[in-house]
Amino acid sequence: EFVSLYCIPYISRKNVERDPQLKAFYQKMLKKKSIDRAPDLSKLRREHLETGHMESTVIAQCIVWCHELFYIRDVETGQILQGRPGEPQRRKEEADVAEDESSADNRLSESTQQIPHLVRMERTVITRKDQATGSFQNIQGDWIITDIDDLLEGNLVV
């Protein structure tokens, strides 16, 4: 289930690693009113896109519905952190009998809960400018999962 998609131009995890001041600059810019950001955006454009190389980050969020079959308990407090205890165990006789797909689905739905998980993914898009023609080419990186259920508080690049 798709939730959101947005792009952060002129910044990626790699170029923040290479230039830690870039992240601070970007964060400072984002605190300004939109109308006051133009000089900062022009500076970023000059330093990145007009040099022929720009890295941007595309972030997507979606809900993934899962059948929960397990639980996680904090050993110190005994608190259930995820899932639910006491899932029904299959009897040995049931395990020995070959199942058709519908009986497996019925057992799965009886012993599990449908749980939504927010998955945040990102990919880097590199834009290169051909100096001879002036045309741009986008090279898309692979999607990587950067956070699930905000366990990493978003783990955003900025």
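None of the values given here were measured: they were computed from a predicted structure.

About the thresholds
- Residues numbered from 1 in each chain as written.
- Predicted model: local features only at pLDDT ≥ 70, side-chain atom pairs only at ≥ 80, totals over all residues.
- Heavy atoms only, no water.
- Core = buried A, V, L, I, M, F, W, Y, C linked by side-chain atoms within 4.5 Å.
- Buried < 20%, exposed > 50% of the residue type's maximum accessible area, 1.4 Å probe, protein only.
- Helix = DSSP H or I, 4+ residues; strand = E, 2+ residues; numbered from the N terminus.
- Contact = heavy atoms within 4.5 Å.
- 1 Å grid on protein atoms, 1.4 Å probe; cavity = no way out; pocket = protein on both sides within 12 Å on 5 of 7 lines; lining within 4 Å.
- Points joined across faces, edges and corners; volume = space filled by probe spheres on them.
- Nonpolar A, V, L, I, M, F, W, Y, C, P; charged D, E, K, R; others polar.
- Phe/Tyr/Trp six-rings, centres within 6.5 Å; stacked < 30°, edge-to-face > 60°.
- Lys NZ or Arg CZ within 6 Å of the ring centre and 35° of its normal.
- Patch = residues over 30% accessible without salt bridge, like charges linked within 9 Å, V, L, I, M, F, W, Y side chains within 5 Å.
- Areas by Shrake-Rupley, 256 points an atom, 1.4 Å probe, with all protein chains shown as cover.
- Salt bridge = Lys/Arg side-chain N within 4 Å of Asp/Glu carboxyl O.
- Axes fitted to C-alpha atoms, helices over the stretch in contact; angles between N-to-C directions.
- Parallel < 35°, antiparallel > 145°, perpendicular 65-115°, else oblique.
- Left-handed = near helix turned anticlockwise from the far one by under 90°.
- Polar contact = N/O pair within 3.5 Å; in protein donor to acceptor, adjacent residues only side chain to side chain.

Caption draft 1: Geometry of the nonpolar core. With twelve residues, the main nonpolar core is built from Ile8, Tyr10, Ile11, Val16, Leu22, Tyr26, Met29, Leu44, Leu49, Met54, Ile59 and Val157. When residues of this core are traced back to their parent elements, those giving at least two are α2 (20–30) and β2 (53–68). The biggest single contributor to this core is α2, with three residues. Each residue touching Leu49, except ones within four places of it in the same chain, is listed here: Tyr10, Leu44, Met54, Thr127 and Phe136.

Caption draft 2: Broad picture of the layout of surface pockets. Approximately 270 Å³ is the volume found for the largest pocket. Around the largest pocket sit 14 residues that line it, and Ser12, Lys14, Arg123, Thr124 and Gly141 are the ones nearest its centre. For the lining of the largest pocket, the element with the highest residue contribution is strand β5 (residues 113–129), accounting for four residues. For the lining of the largest pocket, a count of residues per class yields three nonpolar, four polar and seven charged.

Caption draft 3: Local environment of the packing of aromatic side chains. With the rule as written, the count across this model stands at zero aromatic pairs. Just above the ring of Phe25 sits the side chain of Lys43; from NZ or CZ to the centre is 4.8 Å.

Caption draft 4: Local environment of a nonpolar patch on the surface. Taken together, the side chains of Leu69, Phe70, Ile72 and Leu81 define a hydrophobic patch exposed on the protein surface, amounting to about 380 Å² of accessible area. For Phe70, a relative accessible area of 40% translates into the label partly exposed.

Caption draft 5: Fine view of the packing of α2 against helix α3 (residues 38–47). Close contact between α2 and α3 brings their axes to 10 Å; oriented N to C, the two are set at 150°. In terms of orientation, α2 and α3 fall into the roughly antiparallel class. Crossing of α2 over α3 shows left-handed handedness. Across the interface between the two elements, Leu22, Phe25, Tyr26 and Met29 of α2 pack against Asp40, Leu41, Lys43 and Leu44 of α3. Grouping the amino acids of the contact of α2 with α3 by side-chain chemistry returns six nonpolar, no polar and two charged.

Caption draft 6: Main features of the side chain of Thr127. Positionally, Thr127 belongs in strand β5. Note on Thr127: relative accessible area 9%, which makes it buried. A distance of 2.7 Å separates polar atoms of two side chains, one belonging to Thr127 and the other to Asn138. Apart from the residues within four sequence positions on either side, Thr127 is in contact with Leu49, Gly52, His53, Met54, Phe136, Gln137 and Asn138.

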